[in-house]
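Listed below are the residues making up each chain.
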Amino acid sequence: DGFLWVTCYGKGAAKFDDGIWEAYTTTNSNILNNYVTALAPTQDGNVLIGTDAGLSMRSSTGSWYFYVDGSVSYMSISTLKVASDGSFWIGTVDQGYYYYTTSTGFNHYLPATGFDVNVIEEGSNGNMWLGTDRGLYKFTGTHLNTSSVAEFTKLNGLSSNMVTSLYFDKEERLWIGYMKGTTASWIDKSGTIHQLNLMNGADSTTVWDICEDRKGDIWIATSGFGLIRYDGVIPHSYKAYNAPDNIKYQINDFFTSIGEDKDGNMWFGMASKGVLKYTLPIE
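Keep in mind that this is a model prediction, so the values were computed, not measured.

Draft legend 1. Expanded view of unusual backbone geometry. The backbone phi angle of E172 is positive, close to 65 degrees, even though this residue is not glycine. Along the chain, the position of E172 falls in the loop between β15 (163-168) and β16 (174-178). The phi dihedral of K180 falls on the positive side, at around 55 degrees, and the residue is not glycine. In this fold, K180 is placed in the loop between β16 and β17 (183-187).

Draft legend 2. Examining the pairing of strand β18 (residues 193-197) more closely. Bridging between β17 and β18 involves 5 bridges; their strand directions are antiparallel. Each bridged residue has a counterpart across the sheet, and for I187 the counterpart in β18 is I193.

Draft legend 3. Examining the environment of Y97 more closely. Within the element layout of this structure, Y97 appears in strand β10 (residues 97-101). Taking the relative accessible area as the measure of exposure, Y97 reaches 0% and is therefore buried. Between the alpha carbons of Y97 and F115 there is a distance of 8.6 Å; along the sequence they are 18 residues apart.

Draft legend 4. Highlighting the packing of aromatic side chains. As enumerated under the stated definition, the model contains 23 aromatic pairs in all. Judged by centre distance (5.9 Å) and plane angle (50 degrees), the ring pair of Y97 and F139 falls under tilted. Note that Y97 is positioned in strand β10 and F139 in strand β14 (residues 135-139), a separation of 42 residues in sequence. Here F139 falls in the buried class, since its relative accessible area comes to 2%. Through a chain of ring-to-ring contacts, three or more aromatic side chains come together here, namely Y67, F88, Y98, Y100 and F106.

Parameters at a glance
Residues numbered from 1 in each chain as written. Predicted model: local features only at pLDDT ≥ 70, side-chain atom pairs only at ≥ 80, totals over all residues. Heavy atoms only, no water. Helix = DSSP H or I, 4+ residues; strand = E, 2+ residues; numbered from the N terminus. Pairing = 2+ DSSP bridges. Buried < 20%, exposed > 50% of the residue type's maximum accessible area, 1.4 Å probe, protein only. Phe/Tyr/Trp six-rings, centres within 6.5 Å; stacked < 30°, edge-to-face > 60°.

Shown next, in the form of C-alpha cells:
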C-alpha cells in the first residue's frame, strides 16, 4: 500500500504515510500489546503485528483482529512471514512456530522444548527457511516436520547455530546473520557456504537484519558496530563517528532493521534514535 510500518517496542506500532506518522497503542486501538516485535503486510492489504503477547492484525479498513494460543503459557512472537501462497508463518520464543492458511487455520509446531524461531524467509522456489537457536531449517512444499536434523548447523559450515537474520538477494544467495559473532554467511545456489568477516577480528556483534539495495550492495544491521555495507569486495562500516555531519548526532551504533521503499530509498531502524532514511546516490 506504500505505507511505511515501524515497530516501537514498548510503544506499539506506527505507520508513516505521506509525511504523517500515526501510532497504534493499547490506548488508541485494539492492538494486543505495546511490545511490538514484528510486522508483515498480507496480500490483501492487512498488516500482521507480532507482540510479546500474541498476534494482532489490522485490516485495510481499520478493523482489528487477534490470535492468542491458549494452550501455551505465553505466545511471544519473534518474527512473521507472509509466504507467496498467502500462508502465514509465525516464529516465537520457546514455542516453535505457527503455520496458518484460511483452510486449516492456525497450526502449532513445537519440535523440541524451548525451541526459538528467530527469523523466517522464503526462497524463489517457495521453500521456507527458519533460522533458529539450533541451526537453519529448510521446508520443501508442505513438509513441516522439524524432528529431523537441521539443514545447516555449525557442524557443517555455519558460523553459529544461533541464527538471527536471513535474506535472499537478487542472485538467490541466502544471507545469514548470527547472535554474537564476527561474521555473516551466505549460501550459494550449489549449497556452498561462504563467510564474510565483518569486524576484522574485533569483538563480536549480533546481526539483526540484512537487505540488498537497488545497486546490489548488501546492508547489514548490527548491535554496536553500526551499519555494514558489502559491495561485493569488502565490507564498509558506518558508525556514528564516521557518519556525514548532517546526521552524525542523529544515529547510534545499534541498528535493528533495514528496509527499502518503492522509490529505492533505504530505511534503517535504530535501537534508541528512531529511523534513518538514506537515498542512494544517482550514478
